[in-house]
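Structure at a glance
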Amino acid sequence: MTVLFASDLDQTLIYSRRSMGSEVKPEELIEVERFEGKPQSFMTEQSQSALWELDSNTVFVPVTTRTREQYERVTGIYEGSEPPQFAIISNGAVILENGEPIKEWSTDIRHQCVSRKTVIEELLPVIQQHFDEEWVLRVRQAEDWFVYLIVDRALFPEEKIGFYTEIFRSIGWGLSLQGRKLYFMPESITKAAAMEYVRDRIQADYVIAAGDSLLDLDLLESADAGFLAAHGEAVRADAEISEHIIVTEELGIKAGEEILAKVADLSVQSK
Ligand SMILES: [Mg+2]
């Protein structure tokens, strides 16, 4: 039986110094991403070995909101020098097969966004209307797919997130606050839909998914087994989750280790 392990990267499998927590010793860390000459993200040595040594029946597919350029920096998840056969990036708007985007997939997503009017040109005026605030440091666009604000978390009014979520949901955009980034994601761009495409392509019989944020919930819901990192936005937001989804006991980079150990067990059991 073929198992698909579809996992978010940041704060699920890989961690910045800021997000890894205090439970980890420096000698346990492996650098998995370098940015502007500096180590940017890490796994523990144990996590990396568990990922590389997953049973051969299990296909690992990274599922990330990172853009292609941001994703391609995370070479520490590769086993050897070859990237995974499939990678889901830009939150599901783009699927890479052997490193190249599947054009038909993204064209179809683009059509859905246009027909629902969830395109950046429609969104920006609404953002300007509501976010003329001192805690908005920058407005960024991810390759014409979605928008995120870089916010000052010290000044950000957490209590207003529910209010903003309602406003943007009514025009077809989901919100997700992760660290200093507040994402605005069109409802047509989901990790679950892209995962289901890959699942069908590799004819997987069983799907294990892992994540931490609200943008990962659809992915976990559409899997057979799911792991949700306890430190993440989804748990903090008290999001409703189905019974096949387990919240980790550990926090930070140790939650990543826990997820990979459990995935390795499931993978062996399903042989
Ligand atoms: Mg994440």
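None of these values were measured; they are calculated from a predicted model.

Quick look at the pairing of strand 2 (residues 29-35)
For strand 2 and strand 3 (residues 38-44), the ladder comprises six bridges, and the chain directions are antiparallel. Of the residues in strand 3, the one forming a bridge with I30 is M43. The turn joining strand 2 and strand 3, which pair antiparallel and follow one another in sequence, is formed by two residues; a positive phi near 50 degrees is taken by E36.

A closer look at the coordination of the magnesium ion
Binding of the magnesium ion to the protein goes through D8 (OD), D10 (O) and D212 (OD), at separations of 2.1 to 2.2 Å. Along the chain, the residues donating to the magnesium ion fall in the pattern D-x1-D-x201-D. One end of the pair, D10, is in the loop between strand 1 (3-7) and strand 2; the other, D212, is in the loop between strand 12 (206-211) and helix 7 (217-221), with 202 residues separating them in the sequence. The class for D10 is partly exposed, based on a relative accessible area of 25%. According to the relative accessible area criterion, D212 is buried, its value standing at 3%.

Brief notes about the side chain of N57
Of note, N57 is situated in the loop between helix 1 (45-52) and strand 4 (58-62). For N57, the side chain forms a polar contact with the side chain of T58, separated by 2.8 Å. Apart from the residues within four sequence positions on either side, N57 is in contact with M1, T2, V3, S267, S270 and K271.

Concerning the domain arrangement of the chain
If you check the domain split of the chain, you get domain 1 (3-109 + 189-269) and domain 2 (117-186). The gap between the C-alpha centroids of domain 1 and domain 2 is 24 Å. The partner domain 2 presents 13 residues to the 16 residues of domain 1 that form the contact. For domain 1, the biggest contributors to the area lost against domain 2 are I189, L215 and E233; these three give 36% of the whole. Put simply, domain 1 and domain 2 have zero salt bridges between them. Applying the counting criterion to the domain 1 and domain 2 interface returns four residue pairs in polar contact (both at pLDDT 80 or more).

Criteria and thresholds
Position numbers for residues count from 1 along each chain, tracking the sequence in the order it is written. The predicted nature of this model means local features are confined to residues of pLDDT at least 70 and side-chain atom pairs, given and counted, to a pLDDT of 80 or more, with totals for whole chains, interfaces and linings taken over all residues. Here the side-chain values reflect all heavy atoms present in the structure, with hydrogen atoms and water set aside. Strand pairing is assigned whenever DSSP identifies at least 2 bridges connecting the two strands. Helix and strand assignments come from DSSP, with helices taken as H or I runs of at least 4 residues and strands as E runs of at least 2, each series counted from the N terminus. Distances decide who is a donor: an N, O or S atom must be within 2.8 Å of the metal, or within 3.2 Å for Na, K and Ca. Water is not included, so sites may look incomplete. Type-normalised accessible area, obtained with a 1.4 Å probe on protein chains alone, sets the label of each residue: buried when under 20%, exposed when over 50%, and partly exposed for intermediate values. Polar contacts here mean pairs of N or O atoms no more than 3.5 Å apart (in protein, one a potential hydrogen donor and the other a potential acceptor; neighbouring residues in sequence count only if both atoms are side-chain atoms). Should any heavy atoms of two residues lie within 4.5 Å, those residues are considered in contact. All the domain ranges listed were derived from an automatic or database domain assignment. Computed with a 1.4 Å rolling probe, the buried area is the accessible surface lost when two parts are put together, summed over both parts. Any carboxyl oxygen of Asp or Glu within 4 Å of a side-chain nitrogen of Lys or Arg constitutes a salt bridge here.

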